[in-house]
Amino acid sequence: ICNYNQLNDIDTNEPGSLVFHYKLAADISLHAGKLTHASLGSNGVPFTGSFDGNQHLIRGGVTMVYEHEGIIKNLFLENFSKSTTSSNKGLLANYSDNGVTLNNHVFGDLTSTTGTTSLLIGRQYGRDIVVNNTAYGSINSFSSGGGIVGYASSNSFIYKSKVFANQFTFSYGS
């Protein structure tokens, strides 16, 4: 994947494309292509392939993966920002179910009025593995959340992952 059109094509052009293996070959600016997100997968149709960022950068988005059950690794997300009224939101992935998330680095800001939120993954189900990830930014939530994972199941494995938050605000009620 070398540009924003190829990234967008993963989810839109080929039936069954969410099971394949992808690798970035260049940095990509989503604003250059007028995209605001590059969301792989959707509610009930998860990304089950692998996405290797190959130490490249995707700049200026909202969410990279809607739901994943695959592998996301070696990716840098910069200037990702989201303000939402929906629950279970993250900048790398909203949901993860038996997914593997390795060596990713997210720089961004997230504001949510409901549900769990996180700079990396909003909500984890199953036996997720999250290793050596870093999140930088701010979280403003009117519910609950965390820096790496907003909600993690008891079967999740989170190791050597760090958060550097310039603002962490959680408010309950009105």
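Residues numbered from 1 in each chain as written. Predicted model: local features only at pLDDT ≥ 70, side-chain atom pairs only at ≥ 80, totals over all residues. Heavy atoms only, no water.

A.B. asks: What's the story with the pattern of salt bridges in this structure? I'm lost.
C.D. replies: Summed over all chains, the structure comprises 1 salt bridge. For R59, the salt bridge is made with E78, and the minimal N-O distance between the two is 2.9 Å. Pair noted here: R59 is in strand 3 (residues 50–59) and E78 is in strand 5 (residues 71–84), with a separation of 19 residues, a long-range link. Note on E78: relative accessible area 27%, which makes it partly exposed. (Salt bridge = Lys/Arg side-chain N within 4 Å of Asp/Glu carboxyl O. Helix = DSSP H or I, 4+ residues; strand = E, 2+ residues; numbered from the N terminus. Buried < 20%, exposed > 50% of the residue type's maximum accessible area, 1.4 Å probe, protein only.)

A.B. asks: Can you help me understand the sheet that holds strand 7 (residues 93–97) in this one?
C.D. replies: Strand pairing in a sheet relies on backbone hydrogen bonds, with the paired strands running either antiparallel or parallel. Here 4 strands make up an open sheet; going across it, the order is 4-7-11-15 and the pairing parallel. Whereas interior strands pair on both sides, the edge strands pair on one side only; in this sheet they are strand 4 (65–68) and strand 15 (149–151). When the angles between neighbouring strand axes are averaged without regard to direction, this sheet yields 25°. Across 3 bridges, the pairing between strand 4 and strand 7 is parallel. Within strand 7, the residue paired with E67 across the bridge is Y95. (Pairing = 2+ DSSP bridges. Axes fitted to C-alpha atoms, helices over the stretch in contact; angles between N-to-C directions.)

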